[in-house]
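Structure at a glance
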Amino acid sequence: MELGNVFTVHPYRLQGTVFSTCMCLLSIINILLKSCFSFELSRHEILNRILNSSIYDPLIAPNYEDDFPTNVSIQIVIKNIHSLDEINMDYSMDIIFRQKWEDRRLKFEHFKATSLELDHKMIEKIWVPDSFFPQEKRAKIHDVTVPNRLLHIYKNGTVVYSMRVEMTLSCEMKLQNYPLDRQLCPMKIESYSYSKENVDFRWTDNSPVKVPKLSLPQFKMPETVVTTTCQTQYEVGDFACLLVELKFERNTGYYISQIFIPSILIVMLSWVSFWVDIDATPARVSLGVLTVLTMTTQSSGARSALPRVSYIKAIDVWMAVCLTFVFMALLEFAYINVVSRRNSKPIRTASQCDNALRKGINPTLAASNHTDFNKRARHVDKCARVMFPLTFFLFNMGFWVFYLVINKDNTF
């Protein structure tokens, strides 16, 4: 009976032993597997793996063999805008140009950090987009103290490429309203060699273009910019294109104080001759010639900093009208001087009276004619005192309303 109990109990003990042994083996295997898959690689080892020439080719786009293009997200951070040049019709700016895309060939694991930060000398081993600026005249990448380029590779294969660029871009300025103008300067970004079948551009979702709060000598910085996509189709295909429009409004304070107010004062100075006696010929001639010459000099100086365009600008209209007013004031004196000099020698002495009688002229009638011509000349002066200021005021009203309200966007 006791021997039977031994044989009946023993199998259960054997099963427990086997079960515990299996659990131990499973735990050991799990630990081994975790240790195998949780090992870490150094940065150098990861770079050697993902940039292996037998696996990765920097001369081929990431999705070159696929049926969809590589989407490149672009962001521009404007650090500074140096100047806008009306003569050369360009503007200079300092930007940080950021590009981001996904390259599945650069995925990596077994590394604690989320990204790899590469030296600028390693960028040549990575494929980067062939983006360029069509309006660029001159450009350079900052290299103080080292080339200002950045490249980060993330675990999922996302690549962030950034560079600091200083460039001069062309801007076709419309100067019809100068100096009361607003300029729209577009900046395009295109792909040079890859068509849309391989590479496509798009703006980043958040703040595609960041503009700092800076002040320019002659323009107001745009608070917001317009970012859109554009179409660029050439004979060899359709290429990716992005467009950003920078709107600049000119500061008119300098021009009001240096051009408009002085020219108004010069025109008003020419009206002083209307109150000078008609017999003061030297004073009136000197005043008229002085204002004409001053107006001509100021007009030449105001246009010296502008390109020789074929259309008429607002400053041309202003200067031409002001010059016309001062010249008309001089012509007005020439007219009344001629009128007042008709029969200008009144008969005052007996000898003049005898000479008039010999010529058959009535001395009394000659004296009255002389008085009538003087009254007519003074009447012209009185009319000019009213007509010239009134006409100039009406011109000012029309000028400022037209260029500041009606035609502020160069619609005419």
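Residues numbered from 1 in each chain as written. Predicted model: local features only at pLDDT ≥ 70, side-chain atom pairs only at ≥ 80, totals over all residues. Heavy atoms only, no water.

1. Some details on the packing of helix α3 (residues 253-270) against helix α5 (residues 314-340)
Axis separation between α3 and α5 bottoms out at 8 Å; the angle between their running directions is 15 degrees. One element, α3, and the other, α5, form an angle in the roughly parallel class. Crossing hand, α3 versus α5: left-handed. Where α3 approaches α5, its residues Ile-259, Phe-260, Ser-263, Ile-264, Ile-266, Val-267 and Ser-270 are matched on the opposing element by Ile-315, Trp-318, Met-319, Cys-322, Phe-325, Val-326 and Ala-329. (Axes fitted to C-alpha atoms, helices over the stretch in contact; angles between N-to-C directions. Helix = DSSP H or I, 4+ residues; strand = E, 2+ residues; numbered from the N terminus. Parallel < 35°, antiparallel > 145°, perpendicular 65-115°, else oblique. Left-handed = near helix turned anticlockwise from the far one by under 90°. Contact = heavy atoms within 4.5 Å.)

2. With respect to the state of the cysteines
Overall, the coordinates contain 2 disulfides when judged by the stated rule. Here Cys-230 connects covalently by a disulfide to Cys-241, the sulfurs 1.7 Å from one another. When the S-S torsion is -75 degrees, as for the bridge of Cys-230 with Cys-241, the disulfide is left-handed. On the criterion of sequence distance, the pair formed by Cys-230 in the loop between β12 (226-229) and β13 (232-234) and Cys-241 in strand β14 (residues 237-250) is long-range, its members being 11 residues apart. Summarising the burial analysis for this pair, Cys-230 and Cys-241 share the class buried. By sequence order of its bonded cysteines, the protein has the disulfide arrangement 1-2, 3-4. (Disulfide = S-S within 2.5 Å. Buried < 20%, exposed > 50% of the residue type's maximum accessible area, 1.4 Å probe, protein only.)

3. Notes on the pairing of strand β1 (residues 70-85)
Direction of pairing for β1 relative to strand β9 (residues 199-203): parallel, over a ladder of 5 bridges. Its bridge partner being in β9, Ser-73 is matched across the sheet by Arg-202. By the bridge criterion, 11 bridges tie β1 to strand β2 (residues 90-102) in an arrangement that is antiparallel. Looking across to β2, one finds that Asn-80 is bridged to Asp-94. Between β1 and β2, which pair antiparallel one after the other, the connecting turn spans 4 residues, and Met-89 there sits at a positive phi close to 55 degrees. Two strands pair when backbone bridges link them, and β1 and strand β10 (residues 209-210) are joined in this way by 2 bridges, in the parallel orientation. Its bridge partner being in β10, Val-77 is matched across the sheet by Lys-210. (Pairing = 2+ DSSP bridges.)

4. Regarding the side chain of Asp-94
Note on placement: Asp-94 falls in strand β2. Only 3.0 Å separates the side chain of Asp-94 from the side chain of Arg-164, close enough to count as a polar contact. If sequence neighbours within four positions are ignored, Asp-94 has contacts with Val-77, Ile-78, Lys-79, Asn-80, His-82, His-142, Arg-164, Val-165 and Glu-166. (Polar contact = N/O pair within 3.5 Å; in protein donor to acceptor, adjacent residues only side chain to side chain.)

5. Details of the confidence of the model for the protein
Chain-level statistics for the protein give a pLDDT mean of 82 and a share of 82% at 70 or above. Predicted confidence is poor over residues 34-38, with pLDDT under 50, and the contacts of this stretch with residues over four places away or in other chains come to 1 contact. (pLDDT = per-residue confidence, 0-100.)

6. Looking at unusual backbone geometry
In the segment running from Val-144 into Thr-145, the intervening peptide bond is cis, with an omega of 0 degrees. Its place among the elements puts Thr-145 in the loop between β5 (136-141) and β6 (149-154). Of note, the bond from Tyr-178 into Pro-179 is cis; its omega dihedral lies within 30 degrees of zero at 5 degrees. Within the secondary structure, Pro-179 sits in the loop between β7 (158-170) and β8 (182-195). Positive phi is not limited to glycine here, since Met-89 has a value of about 55 degrees. Among the structural elements, Met-89 can be located in the loop between β1 and β2. Not every positive phi belongs to a glycine, and Ser-207 is a case in point at roughly 50 degrees. By relative accessible area, which is 39% here, Ser-207 ends up partly exposed.

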